[in-house]
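Survey of secondary and tertiary structure
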Amino acid sequence: MTRDEPVSESKPDGKPFAISKRLVWEAWRRVKDNKGVAGVDEESIQAFEENLRGNLYKVWNRMSSGSYIPPPVRAVEIPKKSGGSRMLGVPTVADRVAQTVAYLYLEPEVEPVFHQDSFGYRPRRSAHDALRVCRARCWKDDWALDLDLKSFFDSLDHSLMLKAVAHHTNLRWILLYVERWLKAPLQLEDGTLKARDRGSPQGSAISPVLANIFLHCALDMWLVREFPAVPFERYADDVILHLKSKAQAHVVLDAIVERLAQVGLELNLDKTRIVYCKDSNRTGSHEHEQFTFVGYTFRPRRARNRSGALFVSFAPAVSDVAAKAIGRRIKRWRLHLRSGQTLADLAEAINQIVWGWINFYGRFYRSELISLLRVIDEYIVRWAMRKYKRLRGRPTRAWSFLASVARREPGLFAHWKAGARPQAG
């Protein structure tokens, strides 16, 4: 199987399903680009590539014949930023290729029918798009309803999931393999297998599009039918609705609770909130005046209008949870103890990560993130006082030294280039 092999959608001799070899190759390319660790067979991407032609042919042959059986999914527990942990499922490399093949067939069929305000895991849509729309609607409407779906990926009803997929494709092999992927057992760290009768583990190539299909049918289109005047944004299972009044928010919330029960889901009512979008034009105080959406916390913040006058705007900035995680990461770098390295070495070690923070969390209300990143310079000042005898015990001189470096090389550190340059002490 080669990259240039012609696509043939006709059924191969003796094969019940027509699956393009070229799409198998494209699926492999995406799996390789996404990297990732080995599954239960302990075969890495590099090992899979050593016999690439044979391995890809095996995937294609078994999928085309209807005999492809997904192996168990390796369970990996990772900590949540907000505390606790969540379970990721790591398929084998071959299974990731097979799932991506199904995704490449399924995504073009469902993408045109998805709601315009569904943003997660979709081409040409991003978290920043969702945030931009959400911000504009918070300025327009006084109230927001922040939904917290309880254990969404663990709660998906398999029969309803297959019914939703069948509504959007007539390819029998996709339904066959989606059912097998949903039911593939989890292999725990001690090697035991855990059967699954509901849920879809996060981490698989097919899981995001399946989640979007389910919530499109279960929530998005239901909201369009039942509450056409209520705008919303959804990023995977993160949902914000916008309402004219608190009374309207309660009516919609009660209806959503009932609807989700019908499709096997429920809200975490302790974390679901009716939020007042307070700004300069909205007086009074209410129990909840902030919410977090896609890594940003929306709340009243000081801003300047075009004339330079200060006012209060209900605006997003890096979330409190994300800010704490960034602070912990910076602390773990222990930059002040790397006195054997140069400033260029330190910059090379951290810049890629810092640029990632800037590109994601610096899109809205950047000053909040910039203020957070200034702590990096505090560690570098401590590094300078350990490295250079003339600066030991002299923080004012160390700050002046760092400020002079920043003037000469303003692009050395990512946070300097983004605007968080040190000032002389």
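This write-up is about the structure you can find in this document. (Residues numbered from 1 in each chain as written. Predicted model: local features only at pLDDT ≥ 70, side-chain atom pairs only at ≥ 80, totals over all residues. Heavy atoms only, no water.)

**Section: the sheet that holds strand 10 (residues 296-304)**
Paired through backbone hydrogen bonds, the strands of a sheet run either parallel or antiparallel to each other. Pairing in this open sheet of three strands is antiparallel, and the strands run 9-10-11 from one edge to the other. Taken across any chain shown, the strands that pair with only one partner, and hence form the sheet edges, are strand 9 (291-293) and strand 11 (310-318). Strand-to-strand twist across the sheet, computed as the mean angle between neighbouring axes with direction ignored, equals 50°. Taken together, the three bridges between strand 9 and strand 10 define a ladder with antiparallel strand orientation. By the bridge assignment for strand 10, Thr292 is matched with Thr297. (Pairing = 2+ DSSP bridges. Helix = DSSP H or I, 4+ residues; strand = E, 2+ residues; numbered from the N terminus. Axes fitted to C-alpha atoms, helices over the stretch in contact; angles between N-to-C directions.)

**Digging into the pattern of salt bridges**
With the rule as written, the count across this model stands at 14 salt bridges. Two residues, Lys32 and Glu49, come together in a salt bridge whose shortest N-O distance is 2.8 Å. With Lys32 in helix 1 (residues 21-34) and Glu49 in helix 2 (residues 45-50), this pair connects stretches of sequence that are 17 residues apart. For Glu49, a relative accessible area of 30% puts it in the partly exposed group. Arg122 is paired through a salt bridge with Glu111; the nearest N and O atoms lie 2.7 Å apart. Within this pair, whereas Arg122 is found in the loop between helix 4 (93-110) and helix 5 (127-140), its partner Glu111 is found in the loop between helix 4 and helix 5, the two being separated by 11 residues in sequence. The two residues Arg122 and Glu111 agree in class, both being buried. (Salt bridge = Lys/Arg side-chain N within 4 Å of Asp/Glu carboxyl O. Buried < 20%, exposed > 50% of the residue type's maximum accessible area, 1.4 Å probe, protein only.)

**Describing the packing of aromatic side chains**
Considering all chains together, one arrives at 22 aromatic pairs under this definition. Pairing Tyr68 with Tyr177 gives two aromatic rings, centres 5.9 Å apart and planes at 85°, and the pair type is edge-to-face. Taken together, the positions of Tyr68 in the loop between helix 3 (52-65) and strand 1 (73-79) and Tyr177 in helix 8 (residues 172-183) put the pair 109 residues apart, joining distant regions of the chain. Looking at Tyr177, the relative accessible area reads 0%, which means it is buried. Relative to Trp181, the ring of Tyr177 lies with its centre 6.1 Å away and its plane at 50°, an arrangement referred to as tilted. Of this pair, Tyr177 and Trp181 both sit in helix 8, separated by four residues, roughly a single helical turn. This pair shows no difference in class: Tyr177 is buried, exactly as Trp181 is. An aromatic cluster of three or more residues is present, and its members are Tyr68, Tyr105, Trp173, Tyr177 and Trp181. Over the ring of Phe119 we find Arg125, and its NZ or CZ is 5.6 Å from the ring centre. (Phe/Tyr/Trp six-rings, centres within 6.5 Å; stacked < 30°, edge-to-face > 60°. Lys NZ or Arg CZ within 6 Å of the ring centre and 35° of its normal.)

**Section: the packing of helix 1 against helix 4**
The interhelical angle for the contact between helix 1 and helix 4, taken along N-to-C directions, is 120°, at an axis separation of 8 Å. Relative to helix 4, the element helix 1 is oriented oblique. Here the hand of the crossing between helix 1 and helix 4 comes out right-handed. Facing Leu23, Val24, Glu26, Ala27, Trp28, Arg30 and Val31 of helix 1, the residues of helix 4 in contact are Val93, Arg96, Val97, Thr100, Val101, Tyr103, Leu104 and Tyr105. Tallied by class, the residues present in the contact of helix 1 with helix 4 amount to 11 nonpolar, one polar and three charged. (Parallel < 35°, antiparallel > 145°, perpendicular 65-115°, else oblique. Left-handed = near helix turned anticlockwise from the far one by under 90°. Contact = heavy atoms within 4.5 Å. Nonpolar A, V, L, I, M, F, W, Y, C, P; charged D, E, K, R; others polar.)

**With respect to empty space enclosed by the protein**
In this structure the tally under the stated criterion is two cavities of 30 Å³ or more. One number sums up the size of the largest cavity: a volume of about 70 Å³. What lines the largest cavity is simply Val73, Pro91, Gln99, Trp181, Leu182, Arg196, Ser200, Pro201, Ser204 and Ile206. Counted by class, the lining of the largest cavity contains six nonpolar, three polar and one charged residues. Of the pockets and cavities examined, the second largest cavity occupies roughly 40 Å³. Every residue along the wall of the second largest cavity is listed here: Tyr103, Glu107, Glu111, Phe114, Tyr121, Arg122, Pro123, Val209 and Asn212. Going through the elements one at a time, helix 4 and helix 9 (207-226) are the ones with two or more residues in the lining of the second largest cavity. (1 Å grid on protein atoms, 1.4 Å probe; cavity = no way out; pocket = protein on both sides within 12 Å on 5 of 7 lines; lining within 4 Å. Points joined across faces, edges and corners; volume = space filled by probe spheres on them.)

**Side note on the packing of helix 7 (residues 158-168) against helix 8**
Where helix 7 contacts helix 8, the two axes come as close as 10 Å, and the packing angle between them is 155°. Viewed along their axes, helix 7 and helix 8 adopt a mutual orientation that is roughly antiparallel. The element helix 7 and its partner helix 8 pack so that their crossing is right-handed. In contact with His158, Met161, Leu162, Val165 and Ala166 of helix 7, helix 8 contributes Ile174, Leu175, Val178, Glu179, Leu182 and Lys183. Split by residue class, the contact of helix 7 with helix 8 holds eight nonpolar, one polar and two charged.

**Here's the deal with the pairing of strand 3 (residues 143-148)**
The buried fraction of strand 3 is high, at five of six residues. In the sheet, strand 3 pairs with strand 7 (residues 238-243) via six bridges, with the strands oriented antiparallel. What sits directly across from Leu145, in strand 7, is Leu241. Where strand 3 lies against strand 8 (residues 273-276), four bridges are found, and the strand directions are antiparallel. What sits directly across from Asp146, in strand 8, is Arg273.

**What to know about the sheet that holds strand 8**
The antiparallel open sheet is built from four strands, whose spatial order is 6-7-3-8. A single partner strand is all that each edge strand has here, and the edge strands are strand 6 (232-235) and strand 8. With direction set aside, neighbouring strand axes in the sheet form an average angle of 20°. Contacting strand 6 and strand 7, helix 9 runs over the sheet at an angle of about 170° to strand 6. Sheet contacts for helix 10 (residues 246-262): strand 3, strand 7 and strand 8; angle to strand 3, the most-contacted strand, approximately 20°.

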